[in-house]
Amino acid sequence: MIVALAGGVGGAKLAQGLAMAVGPENLSVVANTADDFDLYGLRICPDLDTVMYTLAGIADPVQGWGVAGDTVATLGGITAYGRDPWFKLGDRDFATHILRTEALRAGQPLSVVTADLAGALGVRSRLLPMSDDPVATQIETLVGRLDFQAYFVARRQQDTVTGVVFDGIGRARLGPGVGEALADAETVVVCPSNPFVSVGPILAVPGMAQALAASPAPVVAVSPIVDGRAIKGPAAAMLESLGHDVSPLGVARLYTGVIDGFVLDETDAGWAPAVAALGMEPLVTRTVMGGSDDRARLAAEILAWAGALSRNRR
Ligand code: FO1
């Protein structure tokens, strides 16, 4: 079993590549749920949905999130009532949130609801929420503490980030199946997702560090920073404002003690010796993923390399 730890779009792309490389049944994806929030009375789980739609082959290829070709009639109706449609939910996407909310209200845990929704869309990999318990990322900024999606979408990541808080993390338990997947894993891949707000919450769930440490698998991470920039989103700005190097090395340092190997883009080959000096094996390759060929090639390359890595993180 291959286990991927994934946030949103970058995580979903590599997860799809891994599914293609090893067969979807041989992949479990542990997804961040700390971006989840309530809107219009519905439970929205952006990272779970981004991974689910991507693995189902129906994700919007341009945005990376939402459903390809989705319409926005419902949002149009909401706008007609004078509300600001600040979070773009397509009509088909609304169906996911409606059914999820109905099942959660009926008492089903998020892990069960997610498995049902993903299964109905034909996803054959296991999609595991990091926790069934609610955790909410809050971003400390110069204008005060903001809910994650207020920072990320409504205010377009314009605020300087001074801290990140995972509200509820102390009470959260690992999602069902997560510990078992890690115990069975051949390789664990930390996807090229934001280390603070996508991977950070997953690693912060009580029990996760122990489960990773106890896993027999090598743990490898892929840099979300290429040539000094984030592939997508605010990772570079966060590294800078939180006092880290805006480089693959800055990311690798955050994973010290957690990972055995670190994948850098070929444009960042010069950082490989410094990554190796952290006690991690570096792999330099082309990490920027366009279409499915790129995703499958990168995934296969990572797995072939990681399979020969020794566990050296402790
Ligand atoms: N991201 C945006 O930048 N703007 C949006 O309006 C938006 C809507 C949206 C709807 C459903 C969904 O599953 C994801 C959506 N995202 C949107 C992406 C999401 O906010 C972020 O990618 C993650 O939360 C960060 O990983």
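Q: Teacher, can you tell me more about the domain arrangement of the chain here?
A: A common way to express how large an interface is: the accessible area buried when the components associate. By domain assignment, the chain separates into domain 1 (1-133 + 175-314) and domain 2 (137-170). Centre-to-centre separation of domain 1 and domain 2, based on C-alpha positions: 19 Å. Taken together, the contact between domain 1 and domain 2 spans 18 residues of the former and 17 residues of the latter. Contact with domain 2 buries area across many residues of domain 1, yet Trp-86, Val-197 and Pro-234 alone supply 29% of it, more than any other trio.

Q: Looking at this structure, I do not really get the sheet that holds strand S8 (residues 161-167). What am I missing?
A: Pairing between the strands of a sheet comes from backbone hydrogen bonds, and it takes one of two forms, parallel or antiparallel. Across the sheet, which stays open at both edges, the three strands sit in the order S7-S6-S8 with antiparallel pairing between neighbours. For this open sheet the edge positions go to strand S7 (144-147) and S8, each flanked by a neighbour on one side alone. Along the sheet, successive strands turn relative to each other by an average axial angle of 25°, direction set aside. Relative to S7, strand S6 (residues 136-141) runs antiparallel, the two being bridged by four bridges. The residue of S7 that forms the bridge with Gln-138 is Asp-147.

Q: Even after reading the chapter, I still don't get the sheet that holds strand S1 (residues 2-6), so can you show me in this structure?
A: Strands sit in the order S5-S2-S1-S9-S10-S13-S14 across an open sheet of seven strands; the sheet is parallel. The open sheet terminates on both sides in strands that have one partner only, identified here as strand S5 (126-129) and strand S14 (281-285). Across the sheet, the axes of successive neighbouring strands diverge by a mean angle of 20°, strand direction being ignored. Relative to S5, strand S2 (residues 27-31) is paired through four bridges, and the arrangement is parallel. Looking at S5, one finds that Val-30 is bridged to Leu-128. Against the sheet, helix H2 (residues 46-56) makes contact with S1, S2 and S5, and its axis sits at roughly 175° relative to S5, the strand it touches most.

Q: Looking at this structure, I do not really get the site of the ligand. What am I missing?
A: Taken together, 14 residues sit near the ligand, with Asp-35, Asp-47, Phe-87, Lys-88 and Gln-149 positioned nearest. One of the side-chain nitrogen or oxygen atoms of Asp-35 is found 2.8 Å away from an oxygen atom of the ligand. One nitrogen or oxygen atom from the side chain of Gln-149 is found 2.9 Å from an oxygen atom belonging to the ligand. Coverage of the ligand by the protein amounts to 89% of the 530 Å² it exposes when considered alone. The site holding the ligand turns out to be the largest pocket. It is helix H6 (residues 148-154) that provides the largest number of residues to the shell around the ligand, a total of four residues. Classifying every residue of the shell around the ligand gives eight nonpolar, two polar and four charged.

Q: Quick question: what am I supposed to make of the side chain of Thr-287 here?
A: By the secondary structure assignment, Thr-287 is in the loop between S14 and helix H13 (292-307). The contact partners of Thr-287, leaving out residues within four places of it in the chain, are Val-222, Val-226, Val-263, Leu-264, Asp-265 and Leu-298.

Q: Could you clarify how one ought to interpret the packing of aromatic side chains in this entry?
A: One pair of aromatic rings is described through two measures. These are the centre distance and the angle between the planes. Summed over the entire model, instances satisfying the criterion amount to six aromatic pairs. Plain terms: the ring middles of Phe-37 and Trp-86 are 6.0 Å apart, the flat faces sit at 45° to each other, and that makes the pair tilted. With Phe-37 in strand S3 (residues 37-39) and Trp-86 in the loop between helix H3 (73-80) and helix H4 (91-105), the pair connects residues that are 49 residues apart, well separated along the chain. Using a relative accessible area of 14% as the deciding quantity, one classes Phe-37 as buried.

Q: Looking at this structure, how should I read the layout of surface pockets?
A: In this approach the atoms are scanned with a rolling probe the size of a water molecule, which exposes any empty space left behind. As a volume, the largest pocket reaches approximately 990 Å³. As for the largest pocket, its lining consists of 44 residues, of which Gly-8, Val-9, Trp-65, Phe-152 and Lys-232 are closest to the centre. At the level of secondary structure, the elements contributing two or more residues to the lining of the largest pocket comprise helix H1 (9-22), H2, H4 and H6. Class assignment for the residues of the lining of the largest pocket results in 22 nonpolar, 14 polar and eight charged. Taken domain by domain, the lining of the largest pocket gets at least three of its residues from each of domain 1 (1-133 + 175-314) and domain 2 (137-170).

Rules and cut-offs
- Residues numbered from 1 in each chain as written.
- Predicted model: local features only at pLDDT ≥ 70, side-chain atom pairs only at ≥ 80, totals over all residues.
- Heavy atoms only, no water.
- Domains from an automatic or database assignment.
- Contact = heavy atoms within 4.5 Å.
- Buried area = accessible area lost by both parts, 1.4 Å probe.
- Pairing = 2+ DSSP bridges.
- Helix = DSSP H or I, 4+ residues; strand = E, 2+ residues; numbered from the N terminus.
- Axes fitted to C-alpha atoms, helices over the stretch in contact; angles between N-to-C directions.
- Near = heavy atom within 4 Å.
- Polar contact = N/O pair within 3.5 Å; in protein donor to acceptor, adjacent residues only side chain to side chain.
- Areas by Shrake-Rupley, 256 points an atom, 1.4 Å probe, with all protein chains shown as cover.
- 1 Å grid on protein atoms, 1.4 Å probe; cavity = no way out; pocket = protein on both sides within 12 Å on 5 of 7 lines; lining within 4 Å.
- Sits in = over half its atoms within 2 Å of the grid points.
- Nonpolar A, V, L, I, M, F, W, Y, C, P; charged D, E, K, R; others polar.
- Phe/Tyr/Trp six-rings, centres within 6.5 Å; stacked < 30°, edge-to-face > 60°.
- Buried < 20%, exposed > 50% of the residue type's maximum accessible area, 1.4 Å probe, protein only.
- Points joined across faces, edges and corners; volume = space filled by probe spheres on them.

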